[in-house]
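# Architecture at a glance
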Amino acid sequence: MKKIIRVDRARRVAMVEPGVTFGELIPEIEKEGLRLNMPLMPRKSKSVVGSMLEREPVIMPKYQWDISDPLACVEVFFGTGDEFRTGQAAGPGTVEEQWAVGGVQKAPYGPGTASWHRLIQGAQGTMGIVTWASMRCEILPTLEEPFVVGSSNLDRLLELTYWLIRLRIVNECFILNNDNLAAIFTKKWPKDYQNLKDTLPTWTLFYTVAGYEYLPEERVSSHIKDITYITQRLGVEAIKAAGGLSASEILKAVQQPSEEPYWKLRHKGGCQDIFYLTIYDKLEGQIGVMNDLAEKAGYPASDVGVYIQPIVQGTSYHCEFNLFYNPENPRELNRVKELSTLAIKNLMAKGAFFSRPYGENAGMILNRDAATVAVLHKFKKIFDPNNVMNPGKVCL
């Protein structure tokens, strides 16, 4: 199911089947003058629909108005065998009939007052099978000016991020620590990794200012002037390079899927991700907890990769810890598994919200809220009474 069904430049929407990957879709929509609001350097082979169904964070929070964005409408077959279309695609008429009168399946809400797409997102295939999905796209800029801001003070970068997004000034906007930034851009392992890491600041905020068809230079220069005022007030400096990396090099990389081998696996061959949603006030404390636990577990805190992604207009944050390990080394593997379980337990106590639980720790996360588990069981009985949709996942 690898068909790109429709790309509509005027309404900034695309519709694809679930087999379409980021590596296949990006060049096709670029031909129409559009771009995806996508996760940070996904695999080329990753399903675009799968990514949206899992609510993976996107790197342009300015265009994310809801946690479900950029997903629009889907066609889904529930476990009962019933075919269903969500949002604007629900009707009246077939999808083809809607196209004939100008409908583009862009509004995700409905049918009725319910947001049915939320039942499918994050369900890990336990409610039904999606056969196509539409998504909101953005216009390709005419002019882009990328910048980096390095600092050992994360709080200053978080405050700068807050203002950049609140004022709707920037497109791509995220923070990486030196471990992850080095892991993404190292060409030769392991020597070049450490050399690059040593040249980078502890934290790097990356952002892009963009201009479009009308007066792009004026738009960009105006935004840069506004940002300069903010950076001077905060005592930081926006520059064109951090250590051995240029901002242009970072921009080029993050607007495409990751080259193979996947960037998280280049260091040691394995990577355990710990990710959750949080808010500004709790973020630094949670990072401190993670660093303490890593040191106690014998995993150097200086080797923990950290990715901070503002989401939904900067109202909250996706925080991700990346634990690199050698999967052929049983000692490393067990240490990372134990650290992951311990970290999740302690981070939840500090206010971390694990909205997408996976693997062995899913039960521990979901069982903290018996009411939620009871509701999930009720939905499962309604939409998959015979329990044929990915049984055993999401604590069911």
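For the structure, check the block above.
Residues numbered from 1 in each chain as written. Predicted model: local features only at pLDDT ≥ 70, side-chain atom pairs only at ≥ 80, totals over all residues. Heavy atoms only, no water.

## What to know about the state of the cysteines
The test is simple: Two cysteine sulfurs form what is called a disulfide whenever their separation falls within 2.5 Å. Exposure categories follow from relative accessible area, calculated using a 1.4 Å probe and restricted to protein chains: below 20% of the type maximum is buried, above 50% is exposed, and the middle band is partly exposed.
Summed over all chains, the structure comprises zero disulfides. Cys 73 provides the cysteine sulfur closest to Cys 137, a residue in no disulfide bond, and the two sulfurs are 13 Å apart. For Cys 137, a relative accessible area of 2% puts it in the buried group. The thiol of Cys 271 is not disulfide-bonded; the next cysteine sulfur, from Cys 319, is found 13 Å away.

## Here we look at the pairing of strand β4 (residues 71-78)
The following threshold applies: Here a helix means four or more residues in a row that DSSP labels H or I, a strand means two or more in a row labelled E, and each is numbered from the N terminus. By definition, two strands form a pair when at least two bridges between them are found by DSSP.
The element β4 is largely enclosed, with a buried count of seven among its eight residues. Pairing geometry for β4 and strand β5 (residues 83-85), over three bridges, is antiparallel. In the strand pairing of β5, Val 76 is matched with Phe 84. Counting the residues that bridge the hairpin from β4 to β5 gives four residues, and of these Gly 81 lies at a positive phi of roughly 95 degrees.

## Examining the environment of Ile 67
Rules: Contact definition: two residues touch when any of their heavy atoms are within 4.5 Å.
Mapping Ile 67 onto the fold places it in the loop between α2 (48-53) and β4. Judged by its relative accessible area of 31%, Ile 67 is partly exposed. Each C-alpha atom, one on Ile 67 and one on Glu 56, is 9.3 Å from the other, the two residues being eleven residues apart in sequence. The residues touching Ile 67, leaving out its near neighbours within four places in the chain, are Arg 55, Arg 118, Leu 277, Ile 311 and Val 312.

## Quick look at the sheet that holds strand β10 (residues 203-211)
What counts here: Working convention: axes come from line fits to C-alpha atoms, limited for helices to the stretch in contact. Angles between N-to-C directions cover 0 to 180 degrees.
The strand order across the open sheet built from six strands is β8-β10-β9-β14-β15-β13, with neighbouring strands paired in antiparallel fashion. Because the sheet does not close on itself, it has two edges, and the strands there are β8 (143-151) and β13 (270-278). Each strand of the sheet is rotated relative to its neighbour by a mean of 20 degrees, with strand direction disregarded. When β13 meets strand β15 (residues 316-325), the two strands line up antiparallel, connected through nine bridges.

## Description of the packing of helix α6 (residues 178-185) against helix α7 (residues 191-199)
Our working rule: We call two directions roughly parallel when the angle between them is under 35 degrees, roughly antiparallel when it is over 145, roughly perpendicular when it lies between 65 and 115, and oblique otherwise. Left-handed describes a crossing whose near helix is turned anticlockwise from the far helix by less than a right angle; the clockwise case is right-handed.
Look at α6 against α7: their axes get within 9 Å of each other, and the N-to-C directions meet at 135 degrees. Judged on the interaxial angle alone, α7 and α6 are oblique. Relative to α7, the crossing made by α6 is right-handed. Touching Asn 178, Asp 179, Ala 182, Ala 183 and Phe 185 of α6 are Tyr 193, Leu 196 and Lys 197, all from α7.

## Thoughts on the sheet that holds β4
If you trace the five strands from one edge of the open sheet to the other, you get β1-β2-β6-β4-β5, paired in antiparallel fashion. In the strand order of this sheet, the two ends are held by β1 (4-8) and β5, each with one partner. Geometrically, the sheet is characterised by an average inter-axis angle of 10 degrees between neighbouring strands, direction not taken into account. Where β1 and strand β2 (residues 13-16) come together, four bridges link them in antiparallel fashion. When the bridges of β2 are listed, Ile 4 appears paired with Val 16. Contacting β1, β2 and β6 (128-136), helix α1 (residues 22-30) crosses the sheet at an angle of about 35 degrees to β1.

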